[in-house]
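# Notes for the structure review
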Amino acid sequence: MTAGTDQPVLTAARVSEIRKLPYFLTVDQALMVTNKKVMKQAMAQRGIPTMKFTFLKKGFREEDLAGLSFPLVIKPLDSQGQRGVLKVDNPEEIRNHLDHVLSFSREEEILAEEYYPSVELTVSGWVEKGRSHILSLTDRVTIDNGPHLGVCLSHRYPSVRDHDSKTLEALTQELTCMIGLEEGPLYFQILYGERGYRVNEIACRLGGAYEDEFIPWLSGVPLRDLMIEMTSREGYNTESLRGVQEQKKGKFLSVQMFFCRPGIIQAQRGFEEVLSREGILSGAFLLKEGTRIVPRRNSTQRAGYFIACAASAEELNRRIRNAYRCLSITDPEDGEMIQFDRRMLFPYEKTL
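Report on the accompanying structure. Chains are numbered independently. Their residues run from 1 in the order of the written sequence. Under the rules for a predicted model, residues below a pLDDT of 70 receive no local features and side-chain atom pairs below 80 are neither given nor counted, while totals for whole chains, interfaces and linings still include all residues. Side-chain measures here rest on the full set of heavy atoms in the structure, leaving out hydrogens and waters.

## Focus: unusual backbone geometry
For clarity, the threshold we go by: Only DSSP runs of H or I reaching four residues or more are called helices, and only runs of E reaching two or more are called strands; each is numbered from the N terminus. Whether a residue is buried, partly exposed or exposed follows from its accessible area with a 1.4 Å probe, protein chains only, as a fraction of its type maximum: under 20%, in between, or over 50%, in that order.
The omega torsion of the bond from Tyr157 to Pro158 falls at 5°, within 30 degrees of zero and hence cis. Of note in this structure, Tyr210 is not a glycine but carries a positive phi near 65°. By the element assignment, Tyr210 lies in the loop between strand S9 (196–203) and helix H6 (211–219). According to the relative accessible area criterion, Tyr210 is buried, its value standing at 14%. In the Ramachandran plot, Asp334 falls in the positive-phi region, its phi being about 65° despite a non-glycine side chain. Overall, the relative accessible area of 54% leaves Asp334 in the exposed class.

Printed below as a string of structure tokens:
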């Protein structure tokens, strides 16, 4: 089994098939949720709302982009963590970046899809006997540093679209049926903008934003235990899926995933104090002292994280700010390196 990462889902399915081990996905299902070409084609065939897209190889012609409107987003077909995800404004920019995008892939073509101005949502859940249960709907707060985009700074609960949960439940169930998933985890990224909901990407795994750490507090569901029990034996216990909505009432949560400005990490301090504070579930520095930080391009440069919870948005923001006052990552000149953006607070957007 695997968790929090995309491509090993396919590896685990293939190994399980060869070794005749039980696994919750077939190889074909695992390919659908890890390869963006198979994924997007399945969405198109089923009528799932997504952005207009095409696939491009080296030497593509401008006619291959017919029907698409710039700006576009280009991506590798089989990667993750925003590696090689770029926003482009014309065909020449695609040609200039194509080798870079392919460097993160084992394929010979890339995905090109229309850019959709939107808020990003993450649906994390569990499927039991073909029925999907949404355990958390969070806003995926991102930052762009062109042409790179989509790097996540925080997840927050409840989402600005929490009031539209019925629509999202129906869309989640439709995607579950498309995959043919009977049991197991789901992790969907959905966009909301002027044209309504568009499905960005789908996965069948535990999320990579520490969902296994915050979902038990939020919903009462021990997500990591469910994954292990389902993988290792038949008849695993799903009783915790009952009463999830009651468990979530009155809870506010933010996963803070912070980055550093360019430089060399000389010293890191403050996490012991942060973890001793009320409302901090977990957290850690992720990079070693001596690491050279380069300009942010993807999620692999994340310097650390912590998960804060509270009974109100105002209290949550206070706890987030107080945590950052404790944390410090400094360079050899004792200059502070941690970057903070106001959008990391709850909420940064009140218009939707």
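## Concerning the pairing of strand S2 (residues 72–76)
What counts is decided by this rule: Any two strands with at least two DSSP bridges between them are considered paired.
Burial of S2 is extensive: five of the five residues sit out of reach of the surface. A two-sided burial pattern is seen for S2, the buried positions comprising Leu72, Ile74 and Pro76 on one face and Val73 and Lys75 on the other. Pairing of S2 with strand S3 (residues 86–88), which is carried by three bridges, proceeds in the antiparallel orientation. Residue pairing for S3: Leu72 is matched across the bridge by Val88. In this sheet, strand S4 (residues 109–114) lies alongside S2 in antiparallel orientation, the contact comprising five bridges. What sits directly across from Ile74, in S4, is Ala112.

## Comments concerning the packing of aromatic side chains
Inclusion rule: Ring pairs are drawn from Phe, Tyr and Trp, using the six-membered ring of Trp, whenever the two centres fall within 6.5 Å, and their geometry is named by plane angle: stacked under 30 degrees, edge-to-face over 60, tilted for the rest. Look at NZ for Lys and CZ for Arg. If either is within 6 Å of the ring centre and within 35 degrees of the ring normal, a charge sits over the ring.
Here the structure, examined in full by the defined rule, presents eleven aromatic pairs. Note on Tyr23 and Phe24: the rings are 4.9 Å apart at their centroids and 45° apart in plane angle, and the pair reads as tilted. The two residues Tyr23 and Phe24 agree in class, both being buried. Ring centres of Phe258 and Phe285 lie 6.5 Å apart, and the angle between their planes is 85°; on these two criteria the pair is classed as edge-to-face. Note that Phe258 is positioned in strand S10 (residues 252–260) and Phe285 in strand S13 (residues 280–285), a separation of 27 residues in sequence. With a relative accessible area of 21%, Phe285 lands in the partly exposed category. Across from the ring centre of Phe346, 5.8 Å away, lies the NZ or CZ of Arg156, which sits over that ring.

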